[in-house]
Each structure stands twice: as structure tokens, then as C-alpha cells.
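Structural features, examined
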Amino acid sequence: MQWKKLIFFLFVGCFGLKIAYLDGDVQLQPAPSTINKTKSDIHGLPGLEFRINSKGFLYASLLAGPIINNEIRRFQLQPLKQCFQQFNGCITISNLVISRYRCPQLVSLHPSPPNRLILIIRNLDLEIRANINGEIGVILPVKLNNTVYLRIHQISVTIQFTVQHTLNGSPYVRIVRCYVSTGLSDVFLQNDDFVGNIFNTYFRVN
């Protein structure tokens, strides 16, 4: 048991955690959306209060990078279907997966007053692969059966969020602001058929 306490205090000292015990009589401030709804005191359950300094946020940034990399690789998008009255047909985009991924050059998590956290992700690349199926009518009905690739480079994301709590003291995360910017993008069809050649020659975005 002593060595567990030693590791715990070393962790607290290295990463800047200050811990205080909260009993059931500690008053919690209500979320902004509920301030005008009640005037009674709000009491939370027993627990711990953590205060993290700059070393703690540096360590959290180091942990956030691998977590983001793993989640992006496993991320799957829902199928899409779009119908066009002018072409008298519909297309379906399915099997959307992230086929290629380059890790971001920077992942940073730091605090920002008042009581907010900012997550910054800088300069990552994605390639999304999907299948396109359907039929559209231009002059004659044209069947679509192709593979589309979307490549996006130099993606940067800044997310500002805050950790709040409900009336019963349960914590939740609320996103306050989100900003996304991209650099280069490229869309092309893989199959070397009639539709693919026309799209890649005249309509390819790069």
C-alpha cells in the first residue's frame, strides 16, 4: 500500500495536480442556463476536485495525440443518398472510410479564461474513399458504379469547450466554439470508364 501512495504523490508532484476532497455539503454553482430557474442551493455528491497546472496540460497534450490518431483511423461515415430532379435520378455514396491519414504536427490542450479549455490540432492530412452507385439521365440513362477519393491537406481545427455540471452535479462537456480550416483539396474518380474520364478531365477539383 505504501508504494501505491508513493506513486500517487509522485504523479501529483510531476504533473501539477492539486487535489481536494469534496463532501456532500459542498455547494455547486448551477450551469448558466439554469441560474434563473432555481434559487435553492445545489449540493453535490462526495468526490475529488482537481486543479491542473501547466505541466499537467502538457502531459494531457501528449496523451491527446495518440488518442486522436486512433479515433480518426477507426472513424466511419454514414452512407449518403441524393436525388436530382433535373437529371431524373439518384446516387448513393456508401462505404465511406478514411483510407489514408497523416498525423497532425501539433496537438495542444491548454486552459483559457473563464473556465474554458482549448484543443488545437494543426496540419493533418486525410484521404476519404467511398463508392458511388446510382443512375442519372443526361441525354441517355447513365449508370454510376465508381470509387471516389477525397484528399484534404493541411487541416487545422481549434475547439473551445467548457466542463459544466447539471443540477445534480453530473459533469458534461459543452462546445463553445469550433473553427476548421483546410489547405489543398482534391476529388477524383478511380475507375477509368466513361463517367470517370469525363469527371477527372473537366470537373476534377484540385
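The name that an unreviewed UniProt entry assigns to the protein is Lipid-binding serum glycoprotein N-terminal domain-containing protein, with the source organism given as Acanthocheilonema viteae.

1. Comments concerning a nonpolar patch on the surface
A cluster of nonpolar side chains, contributed by Phe87, Val138, Ile139 and Leu140, occupies part of the molecular surface with about 470 Å² of accessible area. Take leucine 140: it is sitting in the loop between β6 (116-137) and β7 (141-165). Given a relative accessible area of 62%, leucine 140 falls into the exposed group.

2. Observations regarding the pattern of salt bridges
For the structure shown, the criterion picks out four salt bridges. A salt bridge links glutamate 71 to arginine 74, with the nearest nitrogen and oxygen atoms 2.6 Å apart. Of this pair, glutamate 71 and arginine 74 both sit in helix α2 (residues 54-74), separated by three residues, roughly a single helical turn. The exposure class of glutamate 71 is partly exposed, given its relative accessible area of 41%. On the accessibility criterion, arginine 74 (60% relative accessible area) is exposed. Of the charged contacts, one joins glutamate 127 and arginine 151 as a salt bridge, the two residues approaching to 2.5 Å between their closest N and O atoms. With glutamate 127 in strand β6 and arginine 151 in strand β7, this pair connects stretches of sequence that are 24 residues apart. Bridged by salt links that share partners, the residues Arg100, Glu127 and Arg151 form one connected network.

3. A closer look at the packing of aromatic side chains
Under the criterion given, the structure shown has one aromatic pair. Where tyrosine 149 meets phenylalanine 188, the ring centres are 5.4 Å apart and the plane angle is 10 degrees; that geometry is what we call stacked. A residue pair is termed long-range when its members are at least 10 positions apart, and tyrosine 149 in strand β7 and phenylalanine 188 in strand β9 (residues 185-189) qualify at 39 residues. There is no split in this pair, since tyrosine 149 and phenylalanine 188 are both buried.

4. Some remarks on α2
The end-to-end C-alpha distance of α2, which contains 21 residues, comes to 31 Å, matching closely the 30 Å that a straight helix rising 1.5 Å per residue would cover. Listed in full, the buried residues belonging to α2 are Gly56, Phe57, Ser61, Ala64, Gly65, Ile68, Asn69 and Ile72.

5. Side note on the state of the cysteines
Across all of its chains, the model carries one disulfide by this definition. A sulfur-sulfur distance of 2.0 Å marks the disulfide that ties cysteine 83 to cysteine 90. Measuring handedness by torsion sign, the sulfur bridge of cysteine 83 and cysteine 90 sits at about 105 degrees and is right-handed. With relative accessibility at 42%, the residue cysteine 83 sits in the partly exposed group.

6. Some words on the nonpolar core
Generally speaking, a soluble globular protein has its nonpolar side chains buried in company with each other. Formed by 18 residues in total, the largest nonpolar core has its most connected members in Tyr101 and Leu126. Breaking this core down by element, the ones donating at least two residues are α2, β4 (89-102), β5 (106-112), β6 and β7. Counting residues in each nonpolar core, the second largest holds eight residues, with Ile91, Leu96, Ile132 and Leu144 among its members.

7. A look at the pairing of β7
By the bridge criterion, 18 bridges tie β6 to β7 in an arrangement that is antiparallel. Among the inter-strand pairings, isoleucine 136 is bridged to a residue of β7, identified as valine 142. Here β6 folds back onto β7 in antiparallel fashion, the turn holding three residues. Relative to β9, β7 is paired through five bridges, and the arrangement is antiparallel.

8. Regarding the environment of valine 163
For valine 163, the location among the structural elements is in strand β7. Sequence-wise, valine 163 and leucine 117 are 46 residues apart; in three dimensions their C-alpha atoms are separated by 8.3 Å. Not counting chain neighbours up to four residues away, the residues in contact with valine 163 comprise Pro171, Tyr172 and Val173.

Parameters and conventions
Residues numbered from 1 in each chain as written. Predicted model: local features only at pLDDT ≥ 70, side-chain atom pairs only at ≥ 80, totals over all residues. Heavy atoms only, no water. Patch = residues over 30% accessible without salt bridge, like charges linked within 9 Å, V, L, I, M, F, W, Y side chains within 5 Å. Areas by Shrake-Rupley, 256 points an atom, 1.4 Å probe, with all protein chains shown as cover. Salt bridge = Lys/Arg side-chain N within 4 Å of Asp/Glu carboxyl O. Helix = DSSP H or I, 4+ residues; strand = E, 2+ residues; numbered from the N terminus. Buried < 20%, exposed > 50% of the residue type's maximum accessible area, 1.4 Å probe, protein only. Phe/Tyr/Trp six-rings, centres within 6.5 Å; stacked < 30°, edge-to-face > 60°. Expected span 1.5 Å × (residues − 1). Disulfide = S-S within 2.5 Å. Core = buried A, V, L, I, M, F, W, Y, C linked by side-chain atoms within 4.5 Å. Pairing = 2+ DSSP bridges. Contact = heavy atoms within 4.5 Å.

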